[in-house]
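Geometric and topological summary
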Amino acid sequence: MNRFNHPILRTAFSKSKWNLSKYTSPLFRPSYARTMIPLRTYSSTPSLTKEIIYDRIVEILESYDNVKQGSTISPAASFSKDLGLDSLDTVEVLLELENEFSILIPDNEADEIKTVQQAVDYIAAQEDSI
Amino acid sequence: MKYSGLQKEVLKLYRSCIRQAYKKPTENQDHWVRFVHEQFDKYRAIPKRDFATIEHLLRTGHRRLEMYSNDNITDVH
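In this convention, every chain numbers its residues from 1, walking through the sequence in written order. All chains are assigned letters beginning at A, and all ligands numbers beginning at 1, according to the order in which they are written. Local features in this predicted model are restricted to residues of pLDDT 70 or higher, and side-chain atom pairs are both shown and tallied only at a pLDDT of 80 or more, whereas totals for entire chains, interfaces and linings draw on every residue. No hydrogens and no water enter the side-chain calculation; it runs on all heavy atoms of the structure.

Note the following rule: UniProt positions are given in the numbering used here, feature names are shortened, and annotations may be inferred rather than shown by experiment.
An unreviewed UniProt entry annotates chain B as Complex 1 LYR protein domain-containing protein originating from Komagataella phaffii. Here chain B is described in UniProt, under the heading Subcellular location (unreviewed entry), as follows: "Mitochondrion matrix". In the Sequence similarities (unreviewed entry) part of its UniProt record, chain B is described as follows: "Belongs to the complex I LYR family. SDHAF1 subfamily."

Going by what an unreviewed UniProt entry lists, chain A is known as Acyl carrier protein and is assigned to Komagataella pastoris. Listed in UniProt under the heading Pathway (unreviewed entry), the comment for chain A reads: "Lipid metabolism; fatty acid biosynthesis."

Right under this line is the structure:
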């Protein structure tokens, strides 16, 4: 049995630019494949919207001990004024966000991020954030 | 509030320290983060304007960071 007959690979390869018809079984010749539902995108994730980014940031902030008890997290909340974080805590939250979204925030730009909304905007502007 | 140049230097050192902590073996990372916290906490009360002290601590901090960055040092405390 050849490995391209696996159901997951079959549709993906039949539509791909490589001509693999010699590998596929007679049932899945290109003429037949065209009538099939196109591509199965198992690996795709929903694109990162600002709402999703915001929700994930809130989750991180909620789990962070140094956030002042009883403070409400809102987009406009400032890390230092509203959430009771000092400058070192803010650095740590931003490092946490770097891990979460697998991006790297350069020092001088990290120093400019002071509110939740600014963090959301910054992460949304990064193309490689996930 | 804008940070002064010196404050930025301190934040930079702090950031490098925490980054370095996350490069240590997973099971010891907590110790390292706690260690960094302790070290910075010690001098939390130093007034903003005490430039000489802060500059001295920055230099010491960088030197110690470099020392602890050695891969052979895996745990602290």
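That shown, we press on.
1. Quick word on the interface of chain B and chain A
How big an interface is tends to be stated in terms of the accessible area lost upon association of its parts. Basically, it comes down to this: Two residues qualify as a contact provided that any one of their heavy atoms is within 4.5 Å of a heavy atom in the partner residue. Throughout, buried area stands for the accessible area (probe radius 1.4 Å) lost by two parts on being put together, summed over both. Any Lys or Arg side-chain nitrogen found within 4 Å of a carboxyl oxygen on Asp or Glu counts as a salt bridge. Residues adjacent in sequence count toward polar contacts only when both atoms are side-chain atoms; beyond that, a polar contact is any pair of N or O atoms within 3.5 Å, and within protein one must be able to donate a hydrogen and the other to accept it. Every helix listed is a DSSP run of H or I at least four residues long, and every strand listed is a run of E at least two residues long, numbered separately from the N terminus. Side-chain classes follow a simple rule in which Ala, Val, Leu, Ile, Met, Phe, Trp, Tyr, Cys and Pro form the nonpolar group, Asp, Glu, Lys and Arg form the charged group, and the remainder, Gly included, forms the polar group.
Every contact between the two is made by 15 residues of chain B and, on the other side, 15 residues of chain A. When the two sides are added together, the surface that chain B and chain A hide from each other amounts to roughly 1,500 Å², 52% of it contributed by carbon and sulfur. For the interface between chain B and chain A, the tally reads four salt bridges. For Arg19 of chain B, the salt bridge identified is with Glu98 of chain A, shortest N-O distance 2.8 Å. Viewed at the interface, chain A and chain B are joined by six residue pairs in polar contact (both at pLDDT 80 or more). Sorting the residues of the side of chain B that touches chain A by element identifies α1 (5-21) and α2 (29-42) of chain B as the ones contributing at least two each. Looking at which element gives the most residues to the side of chain B that touches chain A, the answer is α1 of chain B, with seven residues. Residue classes in the side of chain B that touches chain A are distributed as eight nonpolar, one polar and six charged.

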